[in-house]
Amino acid sequence: MITGELKSKVDAVWNAFWSGGISNPLQVIEQVTYLLFLRRLDDLQTAREQQAELLGGEISGAVFGPEQQDLRWSRLRNADANVAFELMSARVFPFMRQLGGAGSDYGQHMENATFGIPTAALLSKVIDMLDAIPMNDRDTNGDLYEYLLSKIASAGVNGQFRTPRHIINLIVDLMDPKPGDRIVDPAAGTAGFLVSAAEYVREHSPEVQTNAVARNQFHREMFHGYDFDSTMLRVGSMNLAMHGIEGAVIQRRDSLADGVSDDKGRYTMVLANPPFAGSLDYESTSKDLTSVVKTKKTELLFMALFLQLLATGGRAAVIVPDGVLFGSSAAHKALRRILVEDQKLDAVVKLPSGVFKPYAGVSTAILFFTKTESGGTEDVWFYDVTADGFSLDDKRTPTEANDLDDVRARWAERAGTERERARTDRSFTVPKDEIVAQGYDLSINRYKEVVYNEVEHRAPLDIIADIEQLEAEIAEGLQKLKGMLA
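J.: Report on helix α6 (residues 120–131), specifying residues and quantitative values.
T.: Each α-helix winds once per 3.6 residues, and so residues spaced three or four apart point in a common direction. The end-to-end C-alpha separation of α6 is 16 Å, in line with the 16 Å expected for 12 residues at 1.5 Å each. Every buried residue of α6 is listed here: Ala120, Leu122, Leu123, Val126, Ile127 and Leu130. Taken end-on, α6 shows its buried residues confined to a sector of 160 degrees, consistent with a single buried face. Taken together, the buried residues of α6 touch α1 (4–19), α2 (25–55), α3 (73–76) and α4 (81–98).

Printed below as a string of structure tokens:
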């Protein structure tokens, strides 16, 4: 996380946009994304020029041709404000849109990209501010972008906000991704799950940076994200790029309508917090999904999608609204039966209802399951998270109460000592047979035992006697007061 002077510089950029007339946080991030990307392209060109000079040959893989040198960041920052402003709309954006070639993922993301900074003065000011921010370190770049994205959560416009980073990190820690995994988020948004997974793999599997084969798989095959919002695709792509992930597959797709015929059984891990958008037009929904569960509920259709995307043996950790756990419709029950009987349901972690505030107070849980196609559920581990390190009101201020490290510690013991925990504790395991007997209800309250402390109350007649005594004292006091005033 960035702090101190760097944080102040980023805040100053943000405030410059606001005072310059751009108040939509997503629009600010999008415009900053374009400028940071332009700066990164120039840094890449400079590095290749230095390499060519050192080796005494021609520059290999030049980003900017001889006729495009005036489009480089290093030229724009020193250009007259009006000249830079004209270049941005007339030449820089068309140049960036054609990078990667027609039909490439990048070209599709940039297809509708527009230059939205309204004045030459604001552009000049922002370029100067961004140029003063050091960006030579990959971790700093990633933290900087994460901090910018956090502004979406703090401002929350257009109904778009991120899954809190500490919840994402918890899920990734529990899933323990490794080199060779093919990870997908079918509702990727800003690609927070993919970025967190990449950071985890880098930390725990350093061979992805030293072994050529592992490095290639990490960059080219490991991370896949889909979303139908072109703006979020651009932001997500830049988020991955700023974290040093070079070849992630980020594509535009309506995951519930387009089907999974090309991706069926392709992934070893699903990490997702899909949108809970209510009901869809049943006719437009992919038959691949309605063949699993007949419903219009998006949260259930996404669960069907995850099952389709996973390879046998693949694992998933997904955030779902509480209704998925205990909904009484035929589709709800059918989906839960599939998870328990046909696949291996590993755990249910209930989250406090304030996790997504100030934008949604919906109660949610994290489902962990493994696709087996042959069952395998024996005991399901439950954890009732009551504190996530932040207040559960709209302010979400940091607090000392935090269960998340305890979740990590107990998760590691879920096949051992956790089986012995009492149902009165915050975590415990429940045998499959008991879940079946409860109609596949996965609500933790269905199985949790509550201990009530006996409290002794006074006899009602004693309380009435005390009230009569007080009334008598008040009446006596009033009589004395009347005598004094007579």
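J.: A description of the side chain of Glu299 should follow, citing residues and the corresponding values.
T.: Counting through the fold element by element, Glu299 comes out in helix α14 (residues 298–309). Among buried Asp, Glu, Lys and Arg side chains, Glu299 stands out as unpaired, with Lys297 the closest opposite charge at 5.1 Å. Within the structure, Glu299 has its side chain in polar contact with the side chain of Thr298 (distance 3.4 Å).

J.: Let's hear about the pattern of salt bridges: which residues, and what values?
T.: Considering all chains together, one arrives at 28 salt bridges under this definition. Among the ionic pairs, Asp11 bridges to Lys7, the shortest N-O distance being 3.5 Å. Residue Asp11 and its partner Lys7 are both found in helix α1; the two are separated by 4 residues, about one turn of the helix. Several salt bridges converge on common partners, so that one network encompasses Asp406, Arg410, Glu418, Arg421 and Asp425.

J.: For the pairing of strand β8 (residues 379–384), give the residues involved together with the corresponding values.
T.: The buried fraction of β8 amounts to 5 of the 6 residues, a majority that puts the element mostly inside the structure. For strand β6 (residues 344–350) and β8, the ladder comprises 4 bridges, and the chain directions are parallel. For Lys350, the partnering residue across the bridge sits in β8 and is Asp384. Here β8 runs beside strand β11 (residues 427–431); their pairing, made up of 5 bridges, is antiparallel. By the bridge assignment for β11, Asp379 is matched with Pro431.

J.: Just give me the short version of the packing of aromatic side chains, but keep the residues and values in it.
T.: Using the criterion set out here, one finds 11 aromatic pairs in the structure. Its end group placed over the ring of Tyr226, Arg253 keeps NZ or CZ at 4.0 Å from the ring centre. Geometry around Trp411 places Arg414 over its ring, the cationic atom sitting 3.8 Å from the centre.

About the thresholds
- Residues numbered from 1 in each chain as written.
- Predicted model: local features only at pLDDT ≥ 70, side-chain atom pairs only at ≥ 80, totals over all residues.
- Heavy atoms only, no water.
- Helix = DSSP H or I, 4+ residues; strand = E, 2+ residues; numbered from the N terminus.
- Expected span 1.5 Å × (residues − 1).
- Buried < 20%, exposed > 50% of the residue type's maximum accessible area, 1.4 Å probe, protein only.
- Arc of directions from axis to C-beta.
- Contact = heavy atoms within 4.5 Å.
- Lys, Arg positive; Asp, Glu negative; His and termini not counted.
- Salt bridge = Lys/Arg side-chain N within 4 Å of Asp/Glu carboxyl O.
- Polar contact = N/O pair within 3.5 Å; in protein donor to acceptor, adjacent residues only side chain to side chain.
- Pairing = 2+ DSSP bridges.
- Phe/Tyr/Trp six-rings, centres within 6.5 Å; stacked < 30°, edge-to-face > 60°.
- Lys NZ or Arg CZ within 6 Å of the ring centre and 35° of its normal.

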